[in-house]
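# Commentary on secondary and tertiary structure
Below, each chain spelled out in residue letters.
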Amino acid sequence: MKIITQDYQNDKMVSSSIKGFFKKYKISALLKESNAYKSKGIPVIAIFQYLFMLIFTNRSMYMNMLMGTHEAGFAKDTVYRFINSIHINWIRFTTLLSTLIASKTITKLTDEKRVNVLIIDDTLFERASAKKVELLAKAYDHAKKAYKYGFRLLTLGWSDGNTFLPVNGCLLSSKDKKNRINEAAVVDKRTAGYTRRNLAQTKATTVVFELIKAAKKAMIPASHVLFDTWFCSPSSLISIKEMGYDVIAMAKKTPKIHYLYDGKMQPLTEIYKKNKKRRGRSKYLLSVEVSLVNDGHSIPARIVYVRNRNKRKDYLALITTDMSISEEEIIRIYGKRWDIEVFFKVCKSYLKLGKGCNSLSYDAMTAHVAIVFTRYMMLAVENRQKSDIRTLGELFYYISDEMSDITWIQAFHLLMQVFLDTITDKLSLTSEQLDRLMEAFMAALPKELKIRLQLCA
């Protein structure tokens, strides 16, 4: 009886947290603004909330109907019509929601001088057992170094160094028709469904610009964009700089990319060889100013070479278009990029990112990703409210120091760990490190949410 009472109390607290989140951030209004309207008598918010809460009840819609516990007040066809809608703009929805959370809650708890960033990365969205999935393609898994059936989930996130919010994302198929297993369904060209299908078959770098444009239009508070080597090229850095953001990225050690240095176009490896390195216990090896040149456009940039203490002849290079910050600050800010790795791990392990959708429709998969993003945002808010005492009342806001940003030492430690498991094309944290970071994230959540998610894992 005690266990039953405890479970009931946990369920009640979880339900209360979800309802409070939906009310505070006006989920119903954001859905309407994203073109989500009811076609019949059931309100859209009721369907969305039902799908949102499934992960916390440890049941699927199918199991609820099988066990006779489906009490939502609408049939499965109503849910299918909702998730398969070609009219709902899910990129707009998650962008508006993340902007509202960042502006209304997070940035009010930090100093105006704090550096907020946008982070770009991708992860594998595997659909190996469903060969009839719309736009299914062969996607490369960087972790296992093999091609698998599925999509690349390209994600744009926001971070203040303590809280991470997924802003928007796109399930990328393949631009090359030879790599696509199935083609897109024919839909009305005036709809959001047609637009997202086009994006799915577009080059990843082009999609990144579209995601950033959506974030900029929503006026999410950020000054820098962070990403690793896969997107780092002079053309990309120049384009993002022209959009009004500075970039901090990990530069590729390749002879194919050149920078203007000392009046000559050179790869970063040659620039490194021609300069004298800093000795002793210097925080970095070398810092040089270069120019990024592409199609007649040229902007200044700085390359910072960081020492590998475990292998003296090895190094990595960070490049930035922000010439006003120090080398130590460049390293510190780039350390915030690892937040997105934790995000991917939590979504896959606890929020059923890859296993929570069995639909063959590209629209349904996109809706599922948006719901998972929303779940994570709620957890991020709950995490922040538990760890930041100033959210308990305005009194703490005025008398307490803000939560600490990521320190230079933490950022440098993360960079050093990268050397232990360097991958030529893509640099990422080891699975053990990601597990520890994810455990730390889960440990900071309220007890009732943590219990429900652990039951679902």
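Provided above is the structure to which this section pertains.
Starting from 1, residues in each chain are numbered consecutively following that chain's sequence as written. In keeping with the predicted nature of the model, local features appear solely for residues at pLDDT of at least 70, side-chain atom pairs appear and are counted solely at 80 or more, and the whole-chain, interface and lining totals rest on all residues. To obtain the side-chain values, all non-hydrogen atoms of the structure were used and water was disregarded.

## Thoughts on the overall build of the protein chain
- Helix and strand labels come from DSSP, where a helix needs a run of H or I of at least four residues and a strand needs a run of E of at least two; each type is numbered from the N terminus. Along the backbone of the protein chain there are 17 helices and 11 strands.
- Taking all 457 residues of the protein chain together, 54% fall into the buried category.
- The contact criterion used throughout is that any non-hydrogen atoms of two residues lie within 4.5 Å. Of the contacts formed within the protein chain by residues at least 6 apart in sequence, a portion of 70% connects residues at least 24 apart.
- Split by element, the accessible area of the protein chain, about 21900 Å² in all, is 52% carbon and sulfur. Here's how the labels work: a residue is buried when its accessible area is under 20% of the maximum for its type, exposed when over 50%, partly exposed in between, all with a 1.4 Å probe on protein chains only. Residue exposure ignores everything except the shown protein chains as possible cover, and the areas themselves are Shrake-Rupley values with a 1.4 Å probe.

## Considering helix H5 (residues 76–83)
- Among the residues of H5, Thr 78, Val 79, Phe 82 and Ile 83 are the ones counted as buried. Along the axis of H5, the buried positions cluster into a sector of 125°, meaning they face one direction only. Each direction from the helix axis to a C-beta atom contributes to the arc, which is the arc of those directions.

## Quick notes on the packing of aromatic side chains
- Between the rings of Phe, Tyr and Trp (Trp by its six-membered ring), a pair exists once the centres lie within 6.5 Å; its type follows the angle of the planes, with under 30 degrees stacked, over 60 edge-to-face, and the other angles tilted. This structure, assessed with the given rule, holds 26 aromatic pairs.
- A ring pair is formed by Phe 48 and Trp 90, whose centres lie 6.3 Å apart and whose planes are at 20°; its orientation type is stacked. Linking Phe 48 in helix H3 (residues 44–57) with Trp 90 in helix H6 (residues 90–106), this pair joins segments that are 42 residues apart in sequence. No difference in accessibility class separates Phe 48 from Trp 90, as the two residues are buried.
- Here the aromatic cluster, defined as three or more aromatic residues joined through ring pairs, consists of Phe 21, Phe 22, Tyr 25, Phe 48, Phe 52, Phe 56, Phe 82, Trp 90 and Phe 93.
- Whether a charge sits over a ring comes down to the Lys NZ or Arg CZ being within 6 Å of the ring centre and within 35 degrees of the ring normal. Lys 253 extends its terminal NZ or CZ atom over the ring of Tyr 315, reaching a point 4.3 Å from the ring centre.
- Over the aromatic face of Tyr 284 sits the side chain of Arg 278, whose NZ or CZ is 4.2 Å from the ring centroid.

## Overview of unusual backbone geometry
- Despite not being glycine, Leu 135 has its phi angle at roughly 65°, a positive value.
- Locating Leu 135 in the fold gives a position in the loop between strand S1 (117–126) and strand S2 (137–141).
- The phi angle at Met 219 is positive, at roughly 60°, despite the residue not being glycine.
- With respect to the secondary-structure elements, Met 219 resides in the loop between helix H8 (204–217) and strand S5 (224–227).

## A closer look at the pairing of strand S9 (residues 286–294)
- The pairing of S9 with strand S10 (residues 297–307) spans 9 bridges and is classified as antiparallel. When the bridges of S10 are listed, Glu 289 appears paired with Arg 302.
- Linkage of S9 to S10, two consecutive antiparallel strands, is achieved through a turn of 2 residues, within which Asp 295 is found at a positive phi near 50°. Strand pairing follows a simple DSSP-based rule, namely that at least 2 bridges must link the two strands.

## Digging into the nonpolar core
- Each nonpolar core is a collection of buried residues, namely Ala, Val, Leu, Ile, Met, Phe, Trp, Tyr and Cys, held together in the definition by side-chain atoms within 4.5 Å. Among the nonpolar cores identified, the biggest contains 134 residues, and Phe 21, Phe 48, Ile 120, Phe 227, Tyr 259, Tyr 305 and Ile 319 are the most heavily contacted of them.
- In terms of residue count, the dominant contributor to this core is helix H13 (residues 362–387) (15 residues).
- If we skip the residues at most four places from it in the chain, Tyr 305 touches Leu 268, Ile 271, Tyr 272, Tyr 284, Leu 285, Leu 286, Val 288, Tyr 315, Leu 316 and Ala 317.

## A few points about the pattern of salt bridges
- We define a salt bridge as a side-chain nitrogen of Lys or Arg found within 4 Å of a carboxyl oxygen belonging to Asp or Glu. This model, assessed by the stated rule, comprises 17 salt bridges.
- In this structure, Glu 270 and Lys 273 form a salt bridge, with 3.8 Å as the shortest nitrogen-oxygen distance. Here Glu 270 and its partner Lys 273 are both found in helix H10 (residues 268–273), 3 residues apart, which amounts to about one turn of the helix.
- Given a relative accessible area of 32%, Glu 270 falls into the partly exposed group.
- The class for Lys 273 is exposed, based on a relative accessible area of 61%.
- Connected through shared salt-bridge partners, Glu 134, Arg 196, Arg 197 and Asp 363 make up one network.

## Some words on the environment of Ile 86
- When you line up the elements, Ile 86 lands in the loop between H5 and H6.
- Between the C-alpha atoms of Ile 86 and Asp 363, which are 277 residues apart in sequence, the distance is 6.4 Å.
- Beyond its immediate stretch of four places on either side in the chain, Ile 86 contacts Val 187, Asp 188, Thr 191, Ala 192, Gly 193, Arg 196, Arg 197 and Asp 363.

## Considering the pairing of S10
- Buried residues dominate S10, accounting for 8 of its 11 residues.
- Bridge analysis of S10 against strand S11 (residues 315–320) gives 6 bridges, and the strand direction is antiparallel. Looking at S11, one finds that Ile 303 is bridged to Ile 319.

## Some remarks on a positive patch on the surface
- Together, Lys 24, Lys 26, Lys 104 and Lys 108 make up a positively charged patch on the protein surface.
- Accessibility expressed as a relative area gives 34% for Lys 104, which makes it partly exposed. Patch membership requires over 30% relative accessible area and the absence of a salt bridge. Like charges are linked within 9 Å, and nonpolar side chains (Val, Leu, Ile, Met, Phe, Trp, Tyr) within 5 Å. Charge assignment in this entry is limited to Lys and Arg as positive and Asp and Glu as negative, and neither His nor the chain termini are counted. Charged groups are reduced to one reference atom each: NZ for lysine, CZ for arginine, CG for aspartic acid, CD for glutamic acid.

## Looking at the packing of H3 against H13
- Structural elements are reduced to axes, namely lines fitted to C-alpha atoms, with helices fitted over the stretch in contact, and the angle between N-to-C directions of any two is expressed from 0 to 180 degrees. Packing of H3 against H13 brings their axes to within 10 Å, and their N-to-C directions diverge by 65°. In terms of axis orientation, H3 runs roughly perpendicular to H13. The two elements H3 and H13 cross, and the hand of that crossing is right-handed. Packed against H3, whose contacting residues are Phe 48, Leu 51, Phe 52, Leu 54, Ile 55 and Phe 56, the element H13 presents Ile 371, Thr 374, Arg 375, Met 378 and Leu 379 at the interface. Should an angle fall under 35 degrees it is taken as roughly parallel, and over 145 as roughly antiparallel, whereas 65 to 115 is taken as roughly perpendicular and any remaining angle as oblique. Handedness of a crossing is defined here by the sense of rotation of the near helix relative to the far one, left-handed for an anticlockwise turn of less than a right angle and right-handed for a clockwise turn.

## Considerations on the packing of H6 against H13
- Across the interface, H6 lies against H13 with an axial gap of 10 Å and an inter-helix angle of 5°. Classified by the interaxial angle, the pair formed by H6 and H13 is roughly parallel. Residue-level contacts link Trp 90, Phe 93, Thr 94, Leu 97, Ser 98, Ile 101 and Ile 106 of H6 to Thr 366, Ala 367, Ala 370, Phe 373, Thr 374, Met 377, Val 381 and Arg 384 of H13.
- Note that Gly is not counted as nonpolar here; it falls among the polar residues with everything else outside the nonpolar set of Ala, Val, Leu, Ile, Met, Phe, Trp, Tyr, Cys and Pro and the charged set of Asp, Glu, Lys and Arg. For the contact of H6 with H13, the residue count by class is 10 nonpolar, 4 polar and 1 charged.

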